[in-house]
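Examination of the molecular architecture
Listed below, chain by chain, are the residues.
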Amino acid sequence: MTKILGIGNALVDSEFAVTDAQLTQSGLTKGNMTLASSTEQAELANYLHTQNLVATKKSSGGSGANSIFAIASLLGIKNQTVYVCRVGDDTQGKFYLDDLQQGGVATLPTALVAGETTGSCLVLVTPDGERTMQTFLGTSAEMNDSNLDLNHAILVGFGVGDWLYIEGYLAFNPSAQSAINRLKNFAHEKGMKIAISFADPAVVKFGRDGIDAMLAGGVDAIFCNCEEAMIFTGQAEHKSATLDLLKVAKLAVVTNGSNDTLVATVNHLTHIPTPRVENLIDTNGAGDNFAGGFLYGLMQGDKQAYDLAKCGKLASAVAGRVVQSFGARLKVAQYQSVLQGFTN
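**Some points on the overall build of the chain**
- Looking only at helices and strands, the chain has 13 helices and 16 strands in total.
- Over its C-alpha atoms the chain spans a radius of gyration of 19 Å, differing by no more than 12% from the 20 Å that the globule rule assigns to 344 residues.
- Seen through its principal axes, the chain has C-alpha atoms that stretch 55 × 45 × 40 Å.
- Across the 344 residues of the chain, 56% fall into the buried class.
- Look at the contacts in the chain between residues 6 or more apart in sequence, and 75% of them connect residues 24 or more apart.
- Accessible surface, the chain: about 13,700 Å² in total, of which carbon and sulfur atoms supply 51%.
- Of the charged side chains in the chain, 24 are positive and 32 negative; the average position of the first set lies 7 Å away from that of the second.

**What to know about the sheet that holds strand β2 (residues 11-17)**
- Ordered in space as β3-β10-β9-β2-β4, the five strands form an open sheet in which the pairing is mixed. Of all the strands in the sheet, the pair left with one neighbour each is β3 (33-35) and β4 (57-61). Here the strands of the sheet are splayed against their neighbours by 20° on average, with no regard to which way each runs.
- Two strands pair when backbone bridges link them, and β2 and β4 are joined in this way by five bridges, in the antiparallel orientation. From the neighbouring strand, Leu11 faces β4, where its bridge partner is Gly61.
- Its contacts with the sheet put helix α4 (residues 91-102) on β2 and β4, and the angle it makes with β4 is roughly 80°.

**A look at the pairing of strand β11 (residues 163-166)**
- A two-sided burial pattern is seen for β11, the buried positions comprising Trp163 and Tyr165 on one face and Leu164 and Ile166 on the other.
- Note that strand β1 (residues 4-7) and β11 share four bridges and pair parallel. Note that in β11 the partner of Gly6 across the bridge is Tyr165.
- Two strands pair when backbone bridges link them, and β11 and strand β12 (residues 193-197) are joined in this way by four bridges, in the parallel orientation. Considered in β12, the bridge of Leu164 is made with Ile194.
- The parallel pair β11 and β12 is bridged by helix α6 (residues 177-190), and the resulting crossover is right-handed.

**Concerning the packing of helix α11 (residues 286-300) against helix α12 (residues 308-322)**
- With their axes 7 Å apart at the nearest point, α11 and α12 run at an angle of 145° to one another. Note on packing geometry: the crossing formed by α11 with α12 is right-handed. In this structure, α11 uses Ala286, Asn289, Phe290, Gly293, Phe294, Tyr296, Gly297 and Leu298 to contact α12, whose residues at the interface are Leu308, Cys311, Gly312, Leu314, Ala315, Ser316, Val318, Ala319 and Val322.

Quick notes on the rules
- Residues numbered from 1 in each chain as written.
- Predicted model: local features only at pLDDT ≥ 70, side-chain atom pairs only at ≥ 80, totals over all residues.
- Heavy atoms only, no water.
- Helix = DSSP H or I, 4+ residues; strand = E, 2+ residues; numbered from the N terminus.
- Rg over C-alpha atoms; globule rule 2.2 N^0.38 Å.
- Buried < 20%, exposed > 50% of the residue type's maximum accessible area, 1.4 Å probe, protein only.
- Contact = heavy atoms within 4.5 Å.
- Areas by Shrake-Rupley, 256 points an atom, 1.4 Å probe, with all protein chains shown as cover.
- Lys, Arg positive; Asp, Glu negative; His and termini not counted.
- Charge placed at Lys NZ, Arg CZ, Asp CG, Glu CD.
- Pairing = 2+ DSSP bridges.
- Axes fitted to C-alpha atoms, helices over the stretch in contact; angles between N-to-C directions.
- Right-handed = clockwise from strand over helix to strand, strands pointing away.
- Left-handed = near helix turned anticlockwise from the far one by under 90°.

Put into structure tokens, the structure is as follows:
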């Protein structure tokens, strides 16, 4: 069975439902992710407390982790998914690793670092479902080769046809680049495929050098939204931006809100309709889960006739379910429910 290895930030997500006025008062830019120091993160947490706001959901987040968790939940089999990350040995770090493992995602022992502080993300969701995030990377900002053990038993079985998935937010983390390069070399040596997510418009705007380093030598797949694709390529519209991504990837998957998703290869351009969502609550994690659902389909190969259109439809079904509840992902049983409804 096909397996997937992901690398990304490890952040404990705490989500808050806020009004537009409260968001404005917070000083954050709506719809964007802002990096913060520990002091700034504490100040925002204190502001939310003064507004009598309590987190509606807490989970082991990070864009890459959300995608890998979705894949593990759809697979329903433990240890087919592995996530490379870095957390502290504090309460948050132990919660993080346990939460992933409860979802069937394996981690390396080198993920836990003594004396360090685990990263966090405060997610503010307005009534229109838009998510705005402030992130304190904590020890995740220091992820490096020491958090990567390529000889560990859980990685021995990776080989031809398996996937490596790289989170775009790591473009902001220079110390992670050596670990990413080692993983890319590992993937090439094993005959694995490589996918990357752009993750956020801010990544493409301000982390371009890091993104270019991730894409060096080309990759098998890119996942992003239309805004990110246009910023990266300099193209002015969805189709041209999607096709331009084929200069650095064999497959480009570009979502566009409620409009069709475009899936491009050198020979074909596929339009994937976005299902109408009647009860939009929270867009946090929508792109992560879309990527996870799509990759799950790719991992099935020909044995279940998952062509690109079917991969896209499953991805849309998963993301569509996620945005109708609070939080960046579903429970394992909910992912399985989506899959059963899709295949029956």
